Structure formats: structure tokens, C-alpha cells
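Geometric and topological summary
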Amino acid sequence: MKRLYYDLHIHSCLSPCGDMDMTPCNIVGMARLNGLDVIAVCDHNTAENCPAVQAAAEGTHLLFIPGCEVCTEEEIHVVCLFPDVDAALRFSRMLHEKLPPICNDERAFGRQSIFDSQDQEIGTEPLLLLTGAALSVDELPAVVAQYGGFCFPAHVDRDSFSILVSLGVIPDSCGFTMAELRDKSRLPQLLTTNPELGDKVIVQNSDAHYLQDIAEPEQFFEVPDDLTTAGQFIAFLKGLRV
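This report concerns the structure included in the present document. (Residues numbered from 1 in each chain as written. Predicted model: local features only at pLDDT ≥ 70, side-chain atom pairs only at ≥ 80, totals over all residues. Heavy atoms only, no water.)

**A word on the overall build of the protein chain**
As a reminder of what qualifies: Numbering of helices and strands runs from the N terminus; a helix is a DSSP stretch of H or I covering at least four residues, while a strand is a stretch of E covering at least two. For this measure, only C-alpha atoms enter the radius of gyration; the expected value for a globule follows 2.2 Å times N^0.38, where N is the number of residues. Here's how the labels work: a residue is buried when its accessible area is under 20% of the maximum for its type, exposed when over 50%, partly exposed in between, all with a 1.4 Å probe on protein chains only. Here a residue-residue contact requires only that any non-hydrogen atoms of the pair lie within 4.5 Å. The method behind every accessible area is Shrake-Rupley, applied with a 1.4 Å probe, and residues are considered shielded solely by the protein chains displayed. Residues counted as positive are Lys and Arg, residues counted as negative are Asp and Glu, and His and the chain ends are not counted. Where a charge lies is defined by one atom per residue type, namely NZ (Lys), CZ (Arg), CG (Asp) and CD (Glu).
Across its full length, the protein chain holds eight helices and 10 strands. Over its C-alpha atoms the protein chain spans a radius of gyration of 17 Å, differing by no more than 12% from the 18 Å that the globule rule assigns to 242 residues. Principal-axis analysis of the C-alpha atoms places the extent of the protein chain at approximately 45 × 40 × 30 Å. Counting every position in the protein chain, which comprises 242 residues, the buried fraction comes to 55%. Across the protein chain, the fraction of contacts at a sequence separation of at least 24, relative to all contacts at a separation of at least 6, is 73%. Split by element, the accessible area of the protein chain, about 10100 Å² in all, is 50% carbon and sulfur. Put simply, the protein chain has 15 plus and 36 minus side-chain charges, and the middle of one group is 3 Å from the middle of the other.

**Digging into the packing of helix α1 (residues 24-34) against helix α2 (residues 50-57)**
Convention followed: Note on geometry: axes are lines fitted to C-alpha atoms, helical ones only across the stretch in contact, with angles between N-to-C directions running from 0 to 180 degrees. Should an angle fall under 35 degrees it is taken as roughly parallel, and over 145 as roughly antiparallel, whereas 65 to 115 is taken as roughly perpendicular and any remaining angle as oblique. Each crossing gets its hand from how the near helix is turned against the far one by less than a right angle, where anticlockwise is left-handed and clockwise is right-handed. Residues were grouped as follows: Ala, Val, Leu, Ile, Met, Phe, Trp, Tyr, Cys and Pro as nonpolar; Asp, Glu, Lys and Arg as charged; and all remaining residues, including Gly, as polar.
One way to put it is that α1 packs onto α2 with a least axis distance of 8 Å and a crossing angle of 45 degrees. Judged by the angle between their axes, α1 and α2 are oblique. In the packing of α1 onto α2, the handedness of the crossing is right-handed. Every residue of α2 that contacts α1 at Pro-24, Cys-25 and Val-28 is listed here: Ala-52, Val-53, Ala-56 and Ala-57. Per-class residue counts for the contact of α1 with α2 are seven nonpolar, no polar and no charged.

**A closer look at the nonpolar core**
The line we're drawing: Working definition of a nonpolar core: buried Ala, Val, Leu, Ile, Met, Phe, Trp, Tyr and Cys residues. They are joined through side-chain atoms within 4.5 Å.
Formed by 56 residues in total, the largest nonpolar core has its most connected members in Phe-91 and Leu-197. Here the element with the most residues in this core is helix α3 (residues 85-96); it accounts for seven residues. Those residues within four positions of Leu-197 in sequence are excluded, and the remaining contacts are Val-156, Leu-164, Ile-170, Ala-179, Leu-187, Leu-190, Leu-191 and Ile-202. Membership of the second largest hydrophobic core comes to 25 residues, among which are Leu-4, Cys-42, Ala-154 and Leu-227.

**Some details on the packing of aromatic side chains**
Stated formally: Classification of ring pairs uses Phe, Tyr and Trp, with its six-membered ring standing for Trp, and accepts pairs whose centres are within 6.5 Å; under 30 degrees between planes counts as stacked, over 60 as edge-to-face, and the remaining range as tilted.
If you walk through the whole model with that rule in mind, you get eight aromatic pairs. Plain terms: the ring middles of Phe-91 and Tyr-147 are 5.6 Å apart, the flat faces sit at 80 degrees to each other, and that makes the pair edge-to-face. Taken as a pair, Phe-91 in helix α3 and Tyr-147 in the loop between α5 (140-146) and β7 (150-153) lie far apart in primary sequence, 56 residues in all. Given the relative accessible area of 17%, Tyr-147 is considered buried. Pairing Phe-233 with Phe-236 gives two aromatic rings, centres 6.3 Å apart and planes at 35 degrees, and the pair type is tilted.

**Looking at the sheet that holds strand β10 (residues 220-223)**
So the rule is basically this: Strand pairing is defined by DSSP finding a minimum of two bridges between the two strands.
One open sheet holds the six strands; their spatial order is β7-β4-β3-β2-β1-β10, and the pairing between them is mixed. In the strand order of this sheet, the two ends are held by β7 and β10, each with one partner. Pairs of neighbouring strands in the sheet enclose a mean axial angle of 25 degrees, with direction left out of account. Looking at chain direction, strand β4 (residues 77-81) and β7 are connected through four bridges and run antiparallel. Of the residues in β7, the one forming a bridge with Leu-81 is Phe-150. Most of the contacts of helix α8 (residues 230-239) go to strand β3 (residues 63-71), to which it runs at about 55 degrees, and overall it touches β1 (2-10), β2 (38-44), β3, β4, β7 and β10.

Put into C-alpha cells, the structure is as follows:
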């Protein structure tokens, strides 16, 4: 077995709230500098910067997991991870069709930049990516599974865009086996009101929108020595239980 230090929830500058320094090369560089082994870039409702991040990570020790952070129709944020960039992009483009036709206002929400692996902007996303897609939180896990992916509710300890704030519980009908906290030290307190969290694998990610917020090497998984690909990592996550 080997220990992999992770941060599975990082935003690039494609997220309208992401800092413009959150470019593919900068994300990879900071993750390596921090001593991480596994990262996932999960922009709001899109995976269009994942190809560039994967290319930037090639030739390094870093294992890149393509993903996106879906905002459901209930305005619940869910981290969705995929076994390869192709699957992430196919999911992302399906999701794009489920977003409301609201144009991004860069003055209000920020620029939504798509980059290549050399940190050159090659386009922008015209639709506002902060809106809720026409998918419920009950529907989403099955849809993600169709693309070979794995998902879990994001930052359940936050007071906004959290499944606990929106629904009060994590329903069994969703089938989530994992949940994300911004701060694992809050788990004992949360268990008093939401005992269902005790049945979930708890992960702590940065939800970084700025380079300085990308995680330090503190959270880790013990994984088989032969785990080397994103697909193997997704299979590992699917098999984890408390």
C-alpha cells in the first residue's frame, strides 16, 4: 500500500469566482510545490479546462482526476469525478444543455476563461456557470455513473450550496457513500444533528479558488501500490466504505 495526499476540489479560472491566477500550469505547479499526489479540478458546471490541466500534469508525479462541481436544481453543490478527460467532457457538454440560457456578465461575476496547456487563453464560456442545472440531486448520481464517474455532496459544513442546508439531511435515495467537509474537525458537531454522516466516508478538500488555498499534504488515502491512473482511482473511491 502507498499513501496519496489529495485535494479533490480545486477551481480553475474557468469558474467565474476563480482567481485569474488559477491557470492549468499554476494549479499543477502549486500542487506539486505543496507535495500533493492527487488533484481534481472541479469547475462550476463544466470540465472544459480539464484537458489543459491533464496536459500540464503529464510527465510529473501528479495524478490528475478530471471533474466538475455540479449545481443541482435545488442549488446543491456536488463534486463529480471521472475516469478520464473524455468522459468528463462528454458529461460536461450534456450538463451544458441543462443550464439556463443566462449569459455571463464579466463585470459582475468574472471572466470564465478556457486555457491550453501553456496557459494561453483559447476562449471563454458565454453562459453563466453559477446557475443550477436541470438535474435534481436524486437524479445526479445515476447520471454521473453513466459516464463512469463518482460523486459526493460538496462542503456539507457550509451555510450555502450545501445538501444539509437545502434538504436538512443526506437522503438515502441519493446513494452517496462519501461526503466532503471543508473542516473535518466539525464532524463530531455535525453528527449530533446529522447522524447519517457516520455512514459516509468523509473527505476534506480545499475548494480552492486561489492558489494559496490549494491544500497542504494533510489528507490522504492508503491505496494499492499499483494504482496509477484516474480510472483506477475512481474505482478505488467507489469501493470505499466506513
